[in-house]
Amino acid sequence: MTAVDVAGVWKYYGDFPALRDISLAAEAHTCLALLGRNGAGKTTLLRIVAGFQRAGRGQVRLFGRDPRDLATRRRIGVLGHGIAVYDELSALENLILFGQLYELEDPRRAAEEWLERTGLSRVRHGLVREFSRGMRQRLAIARVFLHHPDLLLLDEPFTALDDRAVAVLQRVLQDGLARGCTIVMSTHQIREAMELATHVVLLDRGRLRHAGARPPEMLADPGWLYSRYPDA
Amino acid sequence: MIFLRHVLTVANKDLRSEFRTKEAINSSFSFALVILLLFSFAFDPTEEMTREFSGGLLWIAFAFAGALLLNRSFVRELPNDCLDALIASPVPAAALFLGKSLANLILLLLVEAVSFPVFGVFYNQRWTQQFWPLLLVAILGTWGFTVVGTMFSALTVNIRLREVMLPLLVYTTLLPCLMASMQLTTLLLAGEPLTSVEGLVWLRFLIAFDVIFSTLAVAFVETVLIG
């Protein structure tokens, strides 16, 4: 089954075409790494797939449905540039809040479980504004995985993570893949991403330059794809 | 039922955040009180004069103080990109909007609850004589204000000059609601019943404003948030 289907998507910011006729698909249970230089259109594409923005032209379907369908939104987890948790609430309150928004049966239990998994149990009642950067990032990871999404959309998930948060993220992503989750992530940290990626897509100034299974060469040489497209 | 639960969850989150920081409510309280006190000292109005402009004075204070609250409504979601997380969640945009409006309504009613006794003391008005009709007008007027204000707060959240734009947009749209609330409050403080001919006309006008703008806001909030 196709988890993500992007067909002929264009996006303009004013007169500037941020995405030009992008078509790609991610099958269920795969991990797609979106690669490209700054300004290639990775974040714009992820935001359109996540339903935060509408495409100027073209269509996006997630599991065969519109990304803005409530049923679809229940199945996706999004981690963007921000950690998307509230500074004025405690770690536990934040996760319970999102548990309630995702209509989990027992939001408190799910929140406690994820605080445990991300090593934040001891500070569950601490306000997020008092957390270190690493703790905030781990809480963000807990928020994304709280409702066991079938599709994860991650925008540069490894950027600015400390060692512990990278380890937590790698572990939960591998667990997610093992239970059949689909992952689409944009990244500049190719080495970390290649450990998970089954497919790679290269964007260049809003255009799709390469899409396909992850070449085995990329495991040893993360820059291999860029070397094939030196102008990208 | 799920829709209502989402509305209450969002409202509860906003109220909890606000009561932790007290950023908007403190400035809103102070602003309303300062307007009431300054006006009293500047003009030293007689009881007769006060009866004529009481509605106008109170609703101008509420409107200015309310703008401070409404400005924070969606701005609260900007740090850490929390708005994205709300938009990504399976919460209908209408529930998100109504939850935020409900939180704003409660906060603004709290400001009004403090302002009325201050008004009573400094302007020598027995406002409690028509307490229930006055409460009804306060709720209807404040709901109209918060619905329009919350909608424009969502619309201007990503604009750099939102502190300027929000009052400009809100007060212009809100004129009919403010007029009706001012007229009704003045009538009630003058001892007229809400069921008087003039009172009923303004009451129907206010209810119509609330229904029309609530419907429009709920219908268009998804477009405002996503584009």
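Everything below is about the structure shown above.
Residues numbered from 1 in each chain as written. Chains lettered and ligands numbered in written order. Predicted model: local features only at pLDDT ≥ 70, side-chain atom pairs only at ≥ 80, totals over all residues. Heavy atoms only, no water.

1. Remarks on the overall build of chain B
Of the regular secondary structure elements, chain B holds eight helices and zero strands. Traced from its N-terminal end to its C-terminal end, chain B shows the element sequence α-α-α-α-α-α-α-α. Here the C-alpha radius of gyration of chain B, 18 Å, is about what a compact globule of 227 residues would show, namely 17 Å. The burial tally for chain B puts 53% of its 227 residues in the buried class. (Helix = DSSP H or I, 4+ residues; strand = E, 2+ residues; numbered from the N terminus. Rg over C-alpha atoms; globule rule 2.2 N^0.38 Å. Buried < 20%, exposed > 50% of the residue type's maximum accessible area, 1.4 Å probe, protein only.)

2. Points about the overall build of chain A
Scanning chain A from terminus to terminus reveals nine helices and nine strands. Over its C-alpha atoms chain A spans a radius of gyration of 18 Å, differing by no more than 12% from the 17 Å that the globule rule assigns to 232 residues. Seen through its C-alpha atoms, chain A measures out along the principal axes to roughly 50 × 40 × 35 Å. Looking at chain A residue by residue over its 232 residues, the buried ones come to 58%. Considering only residue pairs separated by 6 or more positions, chain A has 67% of its internal contacts joining residues 24 or more positions apart. (Contact = heavy atoms within 4.5 Å.)

3. Digging into the pairing of strand β7 (residues 182-186) of chain A
Residue and element names in this part refer to chain A. Across the five residues that make up β7, a large majority, five, are buried. Because side chains alternate across β7, one face comprises the buried residues Thr182, Val184 and Ser186, and the other comprises Ile183 and Met185, equally buried. Looking at chain direction, strand β3 (residues 31-35) and β7 are connected through four bridges and run parallel. From the neighbouring strand, Leu34 faces β7, where its bridge partner is Ser186. Pairing of strand β6 (residues 151-155) with β7 involves five bridges; the strand directions are parallel. Opposite Leu154, over in β7, you have Met185 as the bridge partner. As a crossover connection, the stretch from β6 through helix α6 (residues 163-178) into β7 is right-handed. (Pairing = 2+ DSSP bridges. Right-handed = clockwise from strand over helix to strand, strands pointing away.)

4. Here we look at unusual backbone geometry
A positive phi angle is found at Asp21 of chain A, which is not glycine, with a value near 55°. Relative accessible area serves as the criterion here: at 45%, Asp21 of chain A is assigned to the partly exposed category.

5. What about the interface of chain B and chain A?
Counting residues at the interface gives 26 residues for chain B and 31 residues for chain A. For the chain B and chain A pair, buried surface summed over both sides reaches about 2600 Å², with 56% attributable to carbon and sulfur atoms. The largest per-residue losses of area from chain B upon contact with chain A belong to Arg20, Asn80 and Pro90 of chain B, which jointly make up 24% of the total buried on that side. The interface formed by chain B and chain A holds five salt bridges in total. Two residues, Arg68 of chain A and Glu222 of chain B, come together in a salt bridge whose shortest N-O distance is 3.0 Å. Where chain B packs against chain A, one counts 20 residue pairs in polar contact (both at pLDDT 80 or more). The leading source of residues in the side of chain B that touches chain A is helix α1 (residues 2-21) of chain B, at nine residues. When the residues that make up the side of chain B that touches chain A are grouped by side-chain class, the tally is eleven nonpolar, seven polar and eight charged. (Buried area = accessible area lost by both parts, 1.4 Å probe. Salt bridge = Lys/Arg side-chain N within 4 Å of Asp/Glu carboxyl O. Polar contact = N/O pair within 3.5 Å; in protein donor to acceptor, adjacent residues only side chain to side chain. Nonpolar A, V, L, I, M, F, W, Y, C, P; charged D, E, K, R; others polar.)

6. With respect to the packing of helix α3 (residues 91-101) of chain A against helix α4 (residues 107-117) of chain A
All names here are of chain A. In contact at an axis separation of 8 Å, α3 and α4 are set at 130° when each is read in the N-to-C sense. Classified by the interaxial angle, the pair formed by α3 and α4 is oblique. Note on packing geometry: the crossing formed by α3 with α4 is right-handed. Contact with α3, carried on its side by Ala91, Leu92, Leu95, Ile96, Gly99 and Gln100, involves Pro107, Arg108, Ala111, Glu112, Trp114 and Leu115 of α4 and no other residues of that element. By residue class, the composition of the contact of α3 with α4 is eight nonpolar, two polar and two charged. (Axes fitted to C-alpha atoms, helices over the stretch in contact; angles between N-to-C directions. Parallel < 35°, antiparallel > 145°, perpendicular 65-115°, else oblique. Left-handed = near helix turned anticlockwise from the far one by under 90°.)

7. Details of the sheet that holds strand β2 (residues 16-27) of chain A
All names here are of chain A. As summarised here, the arrangement of the three strands in space is β2-β1-β4, forming an open sheet in which the pairing is antiparallel. Since the sheet does not close on itself, it has two edges, and those belong to β2 and β4 (57-62), each with one partner. The mean angle between the axes of side-by-side strands here comes to 15°, regardless of whether they run parallel or antiparallel. Taken together, the five bridges between strand β1 (residues 2-13) and β4 define a ladder with antiparallel strand orientation. Paired with Ala7 across the two strands is Gln59, which belongs to β4. Its contacts with the sheet put helix α1 (residues 42-50) on β1, β2 and β4, and the angle it makes with β1 is roughly 120°.

8. What to know about the packing of aromatic side chains
Under the criterion given, the structure shown has 16 aromatic pairs over all chains. Measuring from centroid to centroid gives 5.6 Å for Trp202 of chain B and Phe205 of chain B, while their planes differ by 85°, and the two rings are edge-to-face. Taken together, the residues Trp202 of chain B and Phe205 of chain B, both in helix α8 (residues 197-226) and three residues apart, mark about one turn of the helix. Of the residues examined, Phe205 of chain B reaches a relative accessible area of 37% and is grouped as partly exposed. An aromatic cluster is present here, built from Trp59, Phe62, Phe116, Trp127, Phe131 and Trp132 of chain B joined pairwise through their rings. Residue placement shows Arg37 of chain A over the ring face of Tyr226 of chain A; its charged tip is 4.2 Å from the ring centre. In this structure, Arg143 of chain A packs its charged tip against the face of Phe98 of chain A, placed 5.5 Å from the ring centre. (Phe/Tyr/Trp six-rings, centres within 6.5 Å; stacked < 30°, edge-to-face > 60°. Lys NZ or Arg CZ within 6 Å of the ring centre and 35° of its normal.)

9. Notes on the sheet that holds strand β8 (residues 199-204) of chain A
Residue and element names in this part refer to chain A. Ordered in space as β5-β6-β7-β3-β8-β9, the six strands form an open sheet in which the pairing is mixed. Each end of this open sheet is capped by a strand with a single partner; those strands are β5 (76-79) and β9 (207-213). On average, each strand axis in the sheet is inclined to that of its neighbour by 10°, with strand direction left out of account. Seen against the sheet, α1 touches β3, β5, β6, β7 and β8 and runs at an angle of roughly 150° to β6.

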